[in-house]
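Reading the structure
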Amino acid sequence: MRVHSDSRARTRAAVGLTVAALAAGVTAGAGPATARPENAPAPTAAYCGAAHRIEQKLSTGTTWRMCWRYDGKAGLVLEDVSYQPKGERRPIKVLHSARLGQIHVPYDDGSVEYDDLTGFDFAQGLMNLAPGECPGGTIKTVKVPDSVNETPTIKGLCTTTRSRGHAYRVQGDTPGTVHQAQGRDLLVHTVNQVGWYEYLTEWRFQDDGAITMNLGATGSLSWDDYDAGDGRGRPVGKGASARATSHSHNAFWRLDFALDGSTRNRVEQYDSTVTAPTGGQQAPTTRTTRTKITKELAGDIRNYRWWRVVSATGKNKDGHARSYEIVPGPTTRYPGRGFTKHDLYVTQYNPCERFASHNPGPCGPGAGTSVDRWVNGQTLSHPVVWMNIGFHHVARDEDQQPMPVHWQGFSLAPRDATAMNPLTPDGLAWQNGHWRPGR
Ligand SMILES: [Cu+2]
C-alpha cells in the first residue's frame, strides 16, 4: 500500500529526531528550543579557540591547520584551512570555508524528493561516535545549535590520521637506493542520521596537499519505500514482493577558497581536443586551451576538461601562481531539477546564498532559492564553488543489513602550490626543472 508522500516525509523527519534525542540521553518528548532566526549571522571563526582548532602534523612533516564549527543546518563547517609541507616557512592558506551545500534525494517513482540539509534535519541528526569509529584519534564534543534536544551536546567529531600507501617511489638508475614514502592523511568526519540513512561526512587532508571530501551513505534502506510496484524498484527480500524504490543522492559541496589568504581568486577552465595524425605526423596531436572564467558559471564535466582556482597574489618558489585543481569523482548527473542539471557552479560570493537548493529565502527580488538561479552573469571577484556529485541508488540484496557505505565525492589537488613535490626527500631536492642525470 502506497503511503501518501506527505505522511512519508513526516515519518522520515520524525525518525531522525527521535533517534537523535535518544542518543543524547533525553526523552523524545523534549519541546522545541528557540531557533536562531534564519538569516542571523553565523558565529565567525576568524579566530577559534583550542576547542575549535584542528592542527595535525603528519609523520611525513606536513601540517594541516583549520578551525571547525557546527551549523544548525549545514552541519560541520571547516574554516581557515591551511597546509604547510616541511619545506615551507609559512602555512599556505587554501580555503576560507568548506562544507556540504545540500543533499537532494529524489525517488524514481516521482512520489517524493528530500532536501536533507534544509528540510530534514541533517545537522540536528549528529550522532555520538563509539570510540572504535575513530581509531587512533580524538572525538570532539559538538554543541548542536538550534537543537530540539535539552542537551544538544554530541561526542560527534572525529579527527584522526590514516595511512594511504605509497606517496611515491623512485629507484631510477641507482639500484642500491630506493626513495619511497608511505603517505599519511588527516581524517575529519561526522555521522549524521536522516531518517533511515546515516551519512558519513568525511574530509581527508593528505600530506601531499590534496583534499578529498566524500559523502558516505549507510544505515538502512528507507522502510517507507518498499512499494515500488510500478517497476521503479528492485526486490531485496525473498522472491519479488519487497521492492525498494530506486532514488538518487545528489550531494553538493560549497567551497569558498582563500588561496594565500585572499578570496579574490581566479577560475580557469582547460579543454583539450585530440586530432588524428595528418600529413607526416607520427601520432595524434592534442591541443589544450585555457578559458578564463570571469563571469558566473554553470559548468559540466567533459572528457579532457578540468578547472582550477588560481591565487591572485601568491606564487611558489619557482615563480608560478599557486592553484588548486578541482578533480571530480564518479558522478551521475540528475536532470530532473534545474539545480542538478550541471556538475559545477561558480557564483559570486553572497552570504545569503547558503544552500544549493531550498535556500532559506530568496536573496533579493526574483533571485530564486537555488544555485542555478544565482548564475546570472555577475563578474567573479570572489568565486564560490558548488560541486554537484550524484549517485543513482538502485538497491541490491547486499544493501541489507546494514547497508554497506556507498561513497560519492571529489578532490582538490594542489597545482603549483609548492615548487616541487612537497614530500621530496633531501637527496632529490636538487632535481627541479630540466635536471641532468649523474650529477
Ligand atoms: Cu540510497
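For clarity, every value in this text was computed on a predicted model and none was experimentally measured.

Our focus in this paragraph is the overall build of the protein. Within the protein, the regular secondary structure consists of 3 helices and 21 strands. With 439 residues in all, the protein has 38% of them scored as buried. Within the protein, contacts between residues at least 6 apart in sequence are counted, and of these 65% link residues at least 24 apart.

Let us now look at the pairing of strand β19 (residues 344-348). Of all 5 residues in β19, 4 are buried; the element is thus mostly enclosed. As judged from the 3 bridges shared by strand β16 (residues 297-299) and β19, these two strands associate in the antiparallel manner. Paired with L297 across the bridge in β19 is V346. Relative to strand β20 (residues 383-393), β19 runs antiparallel, the two sharing 5 bridges. Paired with T347 across the bridge in β20 is V384.

Next up on the list: the nonpolar core. V385, W386 and M387 are the most contacted members of the largest nonpolar core, which has 76 residues in total. Those residues within four positions of M387 in sequence are excluded, and the remaining contacts are F252, W253, I326, P328, L344 and F410.

What follows covers the sheet that holds strand β21 (residues 403-415). With antiparallel pairing, the 10 strands of this open sheet are ordered in space as β6-β7-β8-β9-β10-β21-β18-β17-β14-β15. Edge positions in the open sheet fall to β6 (138-143) and β15 (285-293), since each of these has one partner strand only. Looking at each pair of strands side by side, their axes are set apart by 25 degrees on average, direction ignored. Note that strand β9 (residues 197-206) and strand β10 (residues 211-219) share 9 bridges and pair antiparallel. Within β10, the position partnered with W203 by the bridge is M213.

In the sheet, strand β1 (residues 53-57) pairs with strand β2 (residues 63-71) via 5 bridges, with the strands oriented antiparallel. Looking at the pairing, E55 lines up with R65 of β2. Hairpin connection between β1 and β2: a loop of 5 residues separates the two successive antiparallel strands, and G61 in this loop has a positive phi of roughly 105 degrees. Bridging between β2 and strand β3 (residues 75-84) involves 8 bridges; their strand directions are antiparallel. Within β3, the residue paired with R69 across the bridge is V77. Between β2 and the antiparallel strand that follows it, β3, lie 3 residues.

Once that is clear, we can look at the environment of P362. One can find P362 in the loop between β19 and α3 (371-374). You can call P362 partly exposed: it has 15 C-beta atoms within 10 Å. Distance from P362 to W374, taken between C-alpha atoms, is 9.9 Å for residues 12 residues apart in sequence. Non-local contacts of P362, meaning those with residues more than four positions away in its chain, are made with A367, G368 and T369.

Once that is clear, we can look at unusual backbone geometry. Backbone torsion omega between Q400 and Q401 reads 0 degrees, so that peptide bond is classified as cis. Assignment of secondary structure puts Q401 in the loop between β20 and β21. You will see that D121, though not glycine, has its phi angle at about 60 degrees, which is positive. In this structure, D121 sits in the loop between α2 (116-119) and β6. In this structure, D260 is a non-glycine residue whose phi angle is positive, near 55 degrees. Along the chain, D260 turns up in the loop between β13 (247-257) and β14 (266-275).

With 88% of its residues at a pLDDT of at least 70, the protein reaches an overall mean of 89. Note on residues 1-46: pLDDT is under 50 here. Beyond four places in sequence and across chains, it has 68 contacts.

Tracing the backbone through its elements, the reader meets N265 in the loop between β13 and β14. Counting along the chain gives 117 residues from N265 to H382, while the straight-line C-alpha distance between them is 6.3 Å. The residues touching N265, leaving out its near neighbours within four places in the chain, are F257, L259, V309, V310, S311, A312 and P383.

Our focus in this paragraph is the environment of E398. For E398, the location among the structural elements is in the loop between β20 and β21. A tally of 9 C-beta atoms within 10 Å means that E398 is categorised as exposed. The spatial distance from the C-alpha of E398 to the C-alpha of V236 is 8.2 Å, given a sequence separation of 162 residues.

Cut-offs used in this document
Throughout, a residue's number is its position along its own chain's written sequence, starting from 1. Since the coordinates come from a predicted model, pLDDT governs what is reported: local features require at least 70, and pairs of side-chain atoms require 80 or more to be given and counted, while whole-chain, interface and lining totals use all residues. What counts as a helix is a DSSP run of H or I of at least four residues, what counts as a strand is a run of E of at least two, and both are numbered from the N terminus. Burial is judged by counting the other C-beta atoms within 10 Å of a residue's own C-beta: 20 or more makes it buried, 12 or fewer makes it exposed, and any count in between marks it as partly exposed, with every C-beta position built from the backbone. Any two residues are considered in contact once their C-beta atoms, placed from the backbone, lie within 7 Å. Strand pairing follows a simple DSSP-based rule, namely that at least 2 bridges must link the two strands. By our criterion, buried Ala, Val, Leu, Ile, Met, Phe, Trp, Tyr and Cys residues that link up through C-beta atoms within 7 Å make up a nonpolar core. Geometry is summarised by axes, namely lines fitted to C-alpha atoms with helices restricted to the contacting stretch, and by angles between N-to-C directions that run from 0 to 180 degrees. Within a predicted model, pLDDT stands for the predictor's per-residue confidence, ranging from 0 to 100.

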